Amino acid sequence: MNEPYFIHPQGLIEPGAQIGEETRVWAFTHILPQAIIGKACNICDHVFIENDVVVGDRVTIKSGVQLWDGVNLEDDVFIGPNVTFTNDPFPRSKQYPTEFPKTYVRRVASIGANATILPGITVGANAMVGAGAVVTRDVPPNAIVVGNPARIKGYVGSTRSVATFGIAAQHAKPMVKDVRIIEIPEYSDLRGKAAVLEYQDLLPFVPKRSFFVYDVPSKEARGEHAHRALHEVLFCVSGSCLVVVEDGQHREEYILNQPNIGIYLPPLVWRSHYNYSADGVLVVFASERYNPSDYIRDYDEYLQLVKQQ
């Protein structure tokens, strides 16, 4: 009886392994008996897949990759040639941990050739890991990371139609729904400059809370959440930072680098801020007091809520 998947004559699938329909397994690939492989995958030459491994549907695994116990690849993931997954943070010969850390590559993410993924890492949905990167920490959804250690370079699909704020920027229309630029009056004389913010006149709400974000290492990303009901306005009053916002359909990136130019974020807008300058100080005005239940920190949950709206 013909198998519902293809295996090259020099490929080896151990009895018990679950292989989905239309999956193609090429020469010199070895899949152990407890592995689970989804439908319509393409597993190229010289790939080794251990037992405690789950691979989703339509996944591409290029040559020279080893998937060790604990690795989980979701649907539509791309794994480039010779990507190295690890599952033991302190390996010793003949010494094994009681449990291997779980590594997740979420749906539609891509990992470039020769990248190294440390144990217990989650690569977020739709993220891209550059060739040769060494990933030492979780990668946010949609982020582009490069280097050793890997750092965020940008976000997939974001546009910079309002790349740098200025006097004319107030006339630009952001793509992300209901996000808008706020410019507060600036007064200048020989003694310096002052910017005045009249809450009721210039903000779409009267703030009930404000907080400051500063001393952020340039490699770190903040935010990575949305709010159910909270409104916010962000100003970078010293230095600069990048802010990425999205509404589930559009994604846009802003440079906050002038203390009197801010950005208004309504509810159900996902935001990330990163690439802080050494002197970067972000001031956030919020419409309500702190309420942890108002935060949406899971990106997939956020997308589901947006669809419901």
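Residues numbered from 1 in each chain as written. Predicted model: local features only at pLDDT ≥ 70, side-chain atom pairs only at ≥ 80, totals over all residues. Heavy atoms only, no water.

**Some words on the packing of aromatic side chains**
Stage number 1. Per the counting criterion, the structure on display carries nine aromatic pairs.
Stage number 2. Note on Phe6 and Trp26: the rings are 5.0 Å apart at their centroids and 55° apart in plane angle, and the pair reads as tilted. Here Phe6, found in strand S1 (residues 6–7), pairs with Trp26, found in the loop between strand S4 (24–25) and strand S5 (30–31); they are 20 residues apart in sequence, far enough to count as distant.
Stage number 3. Since its relative accessible area comes to 26%, Trp26 is described here as partly exposed.
Stage number 4. Plain terms: the ring middles of Trp270 and Tyr302 are 5.4 Å apart, the flat faces sit at 45° to each other, and that makes the pair tilted. Highlighted residues: Trp270 in strand S32 (residues 270–274) and Tyr302 in helix H2 (residues 299–308), separated in sequence by 32 residues. (Phe/Tyr/Trp six-rings, centres within 6.5 Å; stacked < 30°, edge-to-face > 60°. Helix = DSSP H or I, 4+ residues; strand = E, 2+ residues; numbered from the N terminus. Buried < 20%, exposed > 50% of the residue type's maximum accessible area, 1.4 Å probe, protein only.)

**Structural notes on the nonpolar core**
Most often, soluble globular proteins have nonpolar side chains that are buried together.
Stage number 1. Membership of the largest hydrophobic core comes to 45 residues, with the highest contact counts inside it found for Leu67, Leu73 and Phe85.
Stage number 2. Elements that contribute at least two residues to this core include exactly strand S12 (71–73), strand S21 (143–146), strand S22 (151–155) and strand S29 (241–246).
Stage number 3. The contact partners of Phe85, leaving out residues within four places of it in the chain, are Val65, Gln66, Leu67, Trp68, Val71, Leu73, Ile79, Thr103, Val105, Ile111 and Ile117.
Stage number 4. Of all hydrophobic cores here, the second largest spans 17 residues; its members include Val179, Leu234, Tyr254 and Ile263. (Core = buried A, V, L, I, M, F, W, Y, C linked by side-chain atoms within 4.5 Å. Contact = heavy atoms within 4.5 Å.)

**So, the pairing of strand S33 (residues 281–286)**
Stage number 1. The buried count for S33 comes to five of six residues, which makes it a mostly enclosed element.
Stage number 2. Summarising the sheet, strand S26 (residues 209–214) and S33 pair through six bridges and their orientation is antiparallel. Across the sheet, Tyr214 pairs through a bridge with Val281, a residue of S33.
Stage number 3. Bridge analysis of strand S28 (residues 232–238) against S33 gives six bridges, and the strand direction is antiparallel. (Pairing = 2+ DSSP bridges.)

**Some words on the side chain of Glu252**
Stage number 1. When you line up the elements, Glu252 lands in strand S30 (residues 251–256).
Stage number 2. A polar atom in the side chain of Glu252 sits 2.9 Å from the side chain of Tyr254. (Polar contact = N/O pair within 3.5 Å; in protein donor to acceptor, adjacent residues only side chain to side chain.)

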